Amino acid sequence: MSAEAATESKTSPTKKTTSRRVKPDRVAIVSGLRTPFAKQATHYRGINAIELGKMVVNELITKTELDPNLIERVVFGQVVVLPEAPNIAREIVLGTPMNVRTDAYSVSRACATSFQSIASLADSIMLGDVSVGIAGGADSSSVVPIGVSKKLSLALVDLQKARSFGQKLAILKTLRPKDLLPVPPAIKEYSTGLTMGQNAEQMARDRGITREEQDALAHRSHTLAAKAWEAGWLDDEVMTAHVPPFTKDPLVQDNIVRFNSTLEGYAKLRPAFDRKYGTLTAANSTPLSDGASAVILMSESKAKALGYEPLGYLKSYGFSANQADHDMLMGPSYSTPIALKKAKMKLKDLDLIEMHEAFAAQALSNVQAFGSTKWAQENLGQRTKIGDIDMDKFNVNGGSLAYGHPFAATGARLITQTLNELKRRGGGVGLTTACAAGGLGAAMIVEVD
Amino acid sequence: MADKSIFNMELSDDGIAIIGFDLVGEAQNVLKQEFIDEAEVLIKEIAEQKEIKGVIFKSDKPKSFIAGADINMLEAANSLEEAEQISRNGHEIFQRLESLKVPVVAAIDGACLGGGLEFALACHGRVSSDSSSTKLGLPEVQLGLLPGGGGTQRLPKLIGIAASLDMMLTGKQLFPKKARKLGLVDDVVPTANLIKAARKRVMQLRKGEKKKQSYFSVQALQKLALEKNPIGRNILFDQAKKQLLKKTKGNYPAPEKILECVEKGVSQGKAAGYAIEAKNFAELVMSAEAKALISLFFATTELKKDSGIDSDAEAIKVDKVGILGGGLMGSGIAYVTADKANKMVRLKDISLDGVNKALNYSWKILAKKLKRRFISDAKAKGIMARLTGTTDHSGFKDCDMVIEAVFEKLELKHQMVKEVEEHCSEQTIFATNTSSIPISEIAKGAKRPEQVVGLHYFSPVEKMPLLEIISTPKTADWVVATCVELGKKQGKTPIVVNDGAGFYVNRILAPYMNEAGIMLSEGVAVEKLDKALVNAGFPVGPITLLDEVGVDVATKVAPILEDAFGERMMAPKLFSKLLDDNRLGRKTAKGFYQYGKKQKGAKNVDESVYRLLGIEPNKEMAVNEISERCVLMMLNEAARCLDEGIIRNARDGDIGAVFGIGFPPFQGGPFRYMDTLGLDKVVERLEHYQNLYGERFAPSSILQSMASSKQTFHN
């Protein structure tokens, strides 16, 4: 980005403020809630993303005693989209006691999906389009659309068009037994043909990030998350999940967090992606998981008028895109400078940095890039580095490695968790950031008065 | 065309006359005299007009085809002859309709019940809408009557003997889909296509097309085996009779008479069938059973319109209901509130496990409905979404009403009042589902005693139709009105009673149960006691009831009543021995009867109970005496409740006893029954037992004074 553009964006909001002589109405995050996150096919076995989304939104509304009729818009997302209901946001409105006239649309930005749903809703609030809304995301790795092979799918379409028995037979003849096997959802990136694990493995390899460093971060993440749970810090932001048929014990905490994590335990695992020389294991990568999270957003004035004391406020956000064939998961390093610039802040001004840990390797790569002048010069076109990350401010209650990562639910988790932590510390400013498939990045700066 | 106020005929170009009818000013179309008179003229006109090639009957009243015959018309009949004439008139007009030369099709949307369905049966074809308000049935049996407009003759012809008996003996109402399956209607279509479908049916009938029938369905095979030959039919009728006698214990004459009509019609032909239908109809109309059942019907209808208060205070809008305690009662209340009443429900229990169990309670009911396809998956999920649980007070602030269903302990109830005052808003109503503690006691120390009210639900909540709403002298009228409205939405019939030990239902139940207990301690065997009262028309006997409710629950109420009313409410001493033995009934799988492994057939008495209680169960007592002693105790107490203003009127007293306890419906409730017996007779029988067994049978002063001045409870 050029220096000129930066100055421009710097001056224009200042002008507005002075001409109105009033503090602009901020976007308030009134409350945030998530389900406990659970490993694939455990507590939420058979429960799809929409049901998870409904569960969290319903409880969020009930718990905050928000009159459902006040909710004007729901923006939601899922990454693994259920073919039977692509617009999850609308299904949530229809499936909860919300007013049917509540508008709803869905967004997708891979692992940064709920950053996007929050940003989109925040935009509408800033524009004065709506004043009360709910944003969030949900994903299930336990209920996924299992498809048919490309050949079978093609044949099925052709069969519908075929008229005579002979034609039909000719189509069926082309099929081989293996074409009839069900096909699980692709884990390869559509455009690059690489898997996430391969991408992260490449980043670790090229930067010389060791197995030990990765295991240490995973151990740190689990230890801090366990501590947060034990201290009761998450009780308010994580609901208890009662699931049909309501016979098994309800889930109160994430079932991924290891409450007795030891560093030695991590060393025992074999590499998961590159079996020979790889450094990534199942323990230093996030597991497939299920869960949902949501926040209530309002304009600051509306929140106050309704008598709510908001959790915090949105300060700025930035989205970025970078190369997808290598160094794909560097999104935080691209998006953070944008958000910082919009907030007119430096990295050192932040009290907390909450970065999504898709893989320990990816998080460490980004931490490295933040502190590298060379990286900044080569990739951001700026002379100075983003800033060294003070690890005392970094993922202080652990990260996705410990909590799990239901793709679309992670953004809202990061934001709510950061706000609650800032509140516990008596206020301040925090950064939340994540990488996403396709080389995308998201960063959002939030503040607590 | 002559002047008609109800019918409106339009002749279309293709010669099909579309005849709409509407009883203007009434909520539902019903068969009244004027309706019949006009129809008669109309049918004559149709027969005369040559350009009419077909007829479609439809209702111009949305969602109501014909809901049945006007019951007031039956009440007006003063003699068997008059009643029989009503039926014969019906036969004649429907006969004329049926013998029209042109095809006649009924286009049914909304309730098509009783006389309404008989009207449709007289048509040559029937099509119905798929609307959820469309229901078809012959519910006459529920009023102690039979379908007297040819229903017992035409229905078996159309859908077979077994299916028609099922409909007529239970009075069940069919949804359109089921009606089509049985062949009761020819087609089911969306409401907007109803006339189109009726027209098509007329065309088919004109061409003489018959409907295709499968000969290989289970139904068809059953018909072939049982209905198409005399031997099979005899088996069918024998079985039906046996089964219904088992159910009615001979207390309800209508089912037997229906059976007789169908049998005669099938075996002796049309004329004999119609003759017996008219005769039986008249006998039923004049029977005490029908009069009692009809009075209950009117009472429930009245209660549906009753606000429960005498002032014009208005109910507040209830959106969200909080429930404290996820036990059996709390879970049941949560279910009816979320499903039937369509409210948001926030349920709090002390443990997560308790919340889970409460959610499971609703889930199980819904899963069953889902399996039977009564509701859709989406609907079930929607209901569950209205129901959320918690272990803290989050989500309680905006509850318009909180219903507590925690343990029956006064201190605990006081704590609940305090918590609600602390965590809810100033308008929140505090309702307690106590079955024993006087509401005024619970309201003591409440900041807003005017917002404290009793809601006495009966277990299992989703099945029991009664809701006893208890108002204290301090309870505000708007609070009571709000509860009455919520209760109705929950699918209950609410009666409002004044506060007092045992309220109404338990207060009249207690002396009845005690008397059974006394007879037991005198040495009357358990099964003898139960059988006597079941034969008298109660759904279960008193000892079985005790096992079902639980001895622990029963003994909670007993001392409160004894304290309040003294000796006449003294419970027999044997209960404490049961408590010590942890013999609480079904819940501990140990009671008067044997529980445990699935037993086939009737339950067996657990003989060890006699040893425990030190009883030799060998006393002989006439069945009549057993039931009379129990019932008289209840009647006497009910009269006192009316006298003391516990109940607002005799109507509520009847409904409370029938819907809450299962007082024999064919008696119409305790007050109707006393009226039928004659109050002087009631007093005389009480005095008889007073001489034999002591003061607890002393007739209440209200009974004595009303008997001496020859009054009745009902007009």
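Bear in mind the structure is a predicted one, so any value in this text is a computation, not a measurement. (Residues numbered from 1 in each chain as written. Chains lettered and ligands numbered in written order. Predicted model: local features only at pLDDT ≥ 70, side-chain atom pairs only at ≥ 80, totals over all residues. Heavy atoms only, no water.)

### Observations concerning the overall build of chain A
Okay, step 1: What chain A contains, in helices and strands, is 15 helices and 12 strands.
Okay, step 2: Against the globule reference of 22 Å for 449 residues, chain A gives a C-alpha radius of gyration of 23 Å, in line with a compact fold.
Okay, step 3: Projected onto its principal axes, the C-alpha positions of chain A cover 80 × 55 × 50 Å.
Okay, step 4: The long-range share in chain A, meaning contacts at least 24 apart out of those at least 6 apart in sequence, stands at 78%.
Okay, step 5: Carbon and sulfur atoms make up 55% of the accessible area of chain A, which totals about 19,800 Å².
Okay, step 6: Taking the 52 positively charged and 46 negatively charged side chains of chain A as two groups, their mean positions are separated by 5 Å. (Helix = DSSP H or I, 4+ residues; strand = E, 2+ residues; numbered from the N terminus. Rg over C-alpha atoms; globule rule 2.2 N^0.38 Å. Contact = heavy atoms within 4.5 Å. Areas by Shrake-Rupley, 256 points an atom, 1.4 Å probe, with all protein chains shown as cover. Lys, Arg positive; Asp, Glu negative; His and termini not counted. Charge placed at Lys NZ, Arg CZ, Asp CG, Glu CD.)

### Focus: the packing of aromatic side chains
Pairs of aromatic rings are described using the distance from one ring centre to the other and the angle between the two planes.
Okay, step 1: Per the stated rule, a full pass over the model turns up 22 aromatic pairs over all chains.
Okay, step 2: Measuring from centroid to centroid gives 6.2 Å for B:Phe21 and B:Phe119, while their planes differ by 75 degrees, and the two rings are edge-to-face. Placement of the pair is B:Phe21 in strand β2 (residues 16–21) and B:Phe119 in helix α4 (residues 115–122), with a sequence separation of 98 residues.
Okay, step 3: Taking the relative accessible area as the measure of exposure, B:Phe21 reaches 0% and is therefore buried.
Okay, step 4: On the basis of relative accessible area, B:Phe119 is assigned to the buried category, the value being 4%.
Okay, step 5: Aromatic ring contacts, followed pair by pair, group B:Phe7, B:Phe21, B:Phe35, B:Phe57, B:Phe65, B:Phe94 and B:Phe119 into a single cluster.
Okay, step 6: The ring of A:Tyr313 carries A:Arg26 above its face, with NZ or CZ at 3.7 Å from the centroid.
Okay, step 7: The side chain of A:Lys342 reaches across the aromatic face of A:Tyr317, ending 4.5 Å from its centre. (Phe/Tyr/Trp six-rings, centres within 6.5 Å; stacked < 30°, edge-to-face > 60°. Buried < 20%, exposed > 50% of the residue type's maximum accessible area, 1.4 Å probe, protein only. Lys NZ or Arg CZ within 6 Å of the ring centre and 35° of its normal.)

### So, the interface of chain A and chain B
Okay, step 1: Contact residues are listed per partner, giving 21 residues for chain A and 21 residues for chain B.
Okay, step 2: Between chain A and chain B the total buried area reaches about 1,700 Å² when both faces are included, carbon and sulfur atoms providing 59% of it.
Okay, step 3: Here chain A and chain B share two salt bridges between them.
Okay, step 4: For B:Lys381, the salt bridge is made with A:Glu51, and the minimal N-O distance between the two is 3.6 Å.
Okay, step 5: Counting across the chain A and chain B interface gives nine residue pairs in polar contact (both at pLDDT 80 or more).
Okay, step 6: Per element, the largest residue contribution to the side of chain A that touches chain B is six residues, and it comes from helix α2 (residues 49–63) of chain A.
Okay, step 7: Tallied by class, the residues present in the side of chain A that touches chain B amount to seven nonpolar, seven polar and seven charged. (Buried area = accessible area lost by both parts, 1.4 Å probe. Salt bridge = Lys/Arg side-chain N within 4 Å of Asp/Glu carboxyl O. Polar contact = N/O pair within 3.5 Å; in protein donor to acceptor, adjacent residues only side chain to side chain. Nonpolar A, V, L, I, M, F, W, Y, C, P; charged D, E, K, R; others polar.)

### Examining the environment of B:Lys444
Residues and elements named next belong to chain B.
Okay, step 1: Relative to the helices and strands, Lys444 is located in the loop between α18 (439–443) and β16 (452–457).
Okay, step 2: Assessed through its relative accessible area of 53%, Lys444 is described here as exposed.
Okay, step 3: Through-space distance from the C-alpha of Lys444 to that of Pro147 is 55 Å; in sequence the pair is 297 residues apart.

### Section: the confidence of the model for chain A
Okay, step 1: Of the residues in chain A, 95% reach a pLDDT of 70 or more, and the chain-wide mean stands at 92.
Okay, step 2: Contacts from residues 1–20 of chain A, a stretch scored under 50 in pLDDT, to residues over four places away or in other chains number seven contacts. (pLDDT = per-residue confidence, 0-100.)

### Comments concerning the side chain of B:Ser394
Okay, step 1: Of note, B:Ser394 is situated in the loop between β13 (387–390) and β14 (401–404).
Okay, step 2: Side-chain polar atoms of B:Ser394 contact the side chain of B:Asp392, separated by 2.8 Å.
Okay, step 3: Setting aside residues up to four positions removed in sequence, B:Ser394 forms contacts with A:Lys63, A:Glu65 and B:Arg346.

### Digging into the nonpolar core
All names here are of chain B.
Okay, step 1: One finds Tyr504, Leu520, Phe592, Met674, Leu703 and Phe713 to be the most contacted residues of the largest nonpolar core, which totals 89 residues.
Okay, step 2: Top element by residues in this core is helix α26 (residues 623–643). It accounts for 10 residues.
Okay, step 3: Judged by nonpolar contacts, the second largest core, of 75 residues, contains Phe21, Phe35, Ile93 and Met168. (Core = buried A, V, L, I, M, F, W, Y, C linked by side-chain atoms within 4.5 Å.)

### A look at the packing of helix α10 (residues 230–248) of chain B against helix α11 (residues 253–268) of chain B
Residues and elements named next belong to chain B.
Okay, step 1: Axis separation between α10 and α11 bottoms out at 10 Å; the angle between their running directions is 170 degrees. If you check the angle between α10 and α11, you find them roughly antiparallel. Residue-level inspection shows Arg233, Phe237, Ala240, Lys241, Leu244, Leu245 and Thr248 of α10 in contact with α11, the latter providing Pro255, Glu256, Leu259, Val262, Glu263 and Val266.
Okay, step 2: A class-by-class count of the residues in the contact of α10 with α11 yields eight nonpolar, one polar and four charged. (Axes fitted to C-alpha atoms, helices over the stretch in contact; angles between N-to-C directions. Parallel < 35°, antiparallel > 145°, perpendicular 65-115°, else oblique.)

### Considerations on the sheet that holds β2(B)
Residues and elements named next belong to chain B.
Okay, step 1: Taken together, six strands build an open sheet; the order of strands is β1-β2-β3-β5-β7-β10 and the sheet is mixed. Strand pairing shows two members of the sheet lacking a second neighbour, β1 (7–11) and β10 (187–189), which therefore form its edges. Shown here is a sheet whose adjacent strand axes are inclined to one another by a mean of 20 degrees, direction ignored.
Okay, step 2: Bridge count between strand β7 (residues 125–129) and β10: three bridges; the pairing is parallel. Bridge pairing in β10 places Ser129 opposite Val189. (Pairing = 2+ DSSP bridges.)

### Looking at helix α15 (residues 352–371) of chain B
Residues and elements named next belong to chain B.
Okay, step 1: Helix length check: α15, at 20 residues, gives a terminal C-alpha distance of 28 Å against a target of 28 Å (1.5 Å per residue), a fit within 8%.
Okay, step 2: When α15 is considered as a whole, its buried residues turn out to be Gly354, Val355, Asn356, Ala358, Leu359, Asn360, Tyr361, Ser362, Ile365 and Leu366.
Okay, step 3: At its buried positions, α15 is contacted by α14 (328–338), β12 (344–348), α16 (377–385) and β13.
Okay, step 4: At the exit of α15 stands Arg373, carrying a positive phi of roughly 60 degrees. (Expected span 1.5 Å × (residues − 1).)

### Topic: the pattern of salt bridges
Okay, step 1: Within the structure shown, the criterion is met by 62 salt bridges over all chains.
Okay, step 2: For B:Arg685, the salt bridge is made with B:Glu628, and the minimal N-O distance between the two is 2.8 Å. Placement of the pair is B:Arg685 in helix α29 (residues 679–693) and B:Glu628 in helix α26, with a sequence separation of 57 residues.
Okay, step 3: One network of salt bridges, in which partners are shared, links A:Arg26, A:Glu300, A:Lys304, A:Lys315, A:Glu447 and A:Asp449.

### Structural notes on unusual backbone geometry
Okay, step 1: Omega for the bond connecting A:Pro244 with A:Pro245 falls within 30 degrees of zero, at 0 degrees, which places this linkage in the cis form.
Okay, step 2: Mapping A:Pro245 onto the fold places it in the loop between α8 (211–230) and α9 (263–267).
Okay, step 3: Look at the link from B:Ser459 to B:Pro460: it is a cis peptide, with omega at -10 degrees.
Okay, step 4: Position of B:Pro460 relative to the elements: it lies in the loop between β16 and β17 (466–471).
Okay, step 5: Of note, A:Asn395 is a non-glycine position whose phi angle comes to about 40 degrees, a positive value.
Okay, step 6: With respect to the helices, strands and loops of the structure, A:Asn395 is situated in the loop between α13 (373–380) and α14 (400–403).
Okay, step 7: We classify A:Asn395 as buried; its relative accessible area is 0%.

### Some remarks on the sheet that holds strand β8 (residues 135–137) of chain B
Residues and elements named next belong to chain B.
Okay, step 1: Reading across the sheet, the four strands line up as β4-β6-β8-β9 and stay open at both edges, with mixed pairing between neighbours. The open sheet has two edge strands, β4 (64–66) and β9 (173–174), and neither has a second partner.
Okay, step 2: As defined by bridge partners, β4 adjoins strand β6 (residues 111–113) across two bridges and the pair is classed as parallel. Directly across from Ile66, in β6, lies its bridge partner Cys112.

### What to know about the pairing of β2(B)
Residue and element names in this part refer to chain B.
Okay, step 1: Of all the six residues making up β2, six are buried; the element is thus mostly covered by neighbouring parts of the structure.
Okay, step 2: With burial as the criterion, each face of β2 is covered, one bearing Ile16, Ile18 and Gly20 and the other bearing Ala17, Ile19 and Phe21.
Okay, step 3: Summarising the sheet, β1 and β2 pair through five bridges and their orientation is antiparallel. Residue pairing in the sheet places Leu11 in a bridge with Ala17 of β2.
Okay, step 4: Connecting β1 to the antiparallel partner β2 that follows it, the hairpin turn spans four residues, and Gly15 within it adopts a positive phi of roughly 85 degrees.
Okay, step 5: Relative to strand β3 (residues 54–59), β2 is paired through six bridges, and the arrangement is parallel. Across the sheet, residue Ile19 finds its bridge partner in β3, namely Phe57.
Okay, step 6: In this fold, β2 hands off to helix α1 (residues 33–48), which returns the chain to β3; that crossover is right-handed. (Right-handed = clockwise from strand over helix to strand, strands pointing away.)

### Things to note about the packing of α15(B) against α16(B)
Residue and element names in this part refer to chain B.
Okay, step 1: Running from N to C, α15 and α16 point in directions that differ by 165 degrees, and their axes come no closer than 10 Å. Put simply, α15 runs roughly antiparallel to α16. Judged by the sense of rotation from one axis to the other, the crossing of α15 with α16 is right-handed. Each of Leu359, Ser362, Trp363, Leu366 and Leu370 in α15 lies in contact with α16, whose residues at this interface are Asp377, Ala380, Ile383 and Met384.
Okay, step 2: For the contact of α15 with α16, the per-class residue count stands at seven nonpolar, one polar and one charged. (Left-handed = near helix turned anticlockwise from the far one by under 90°.)

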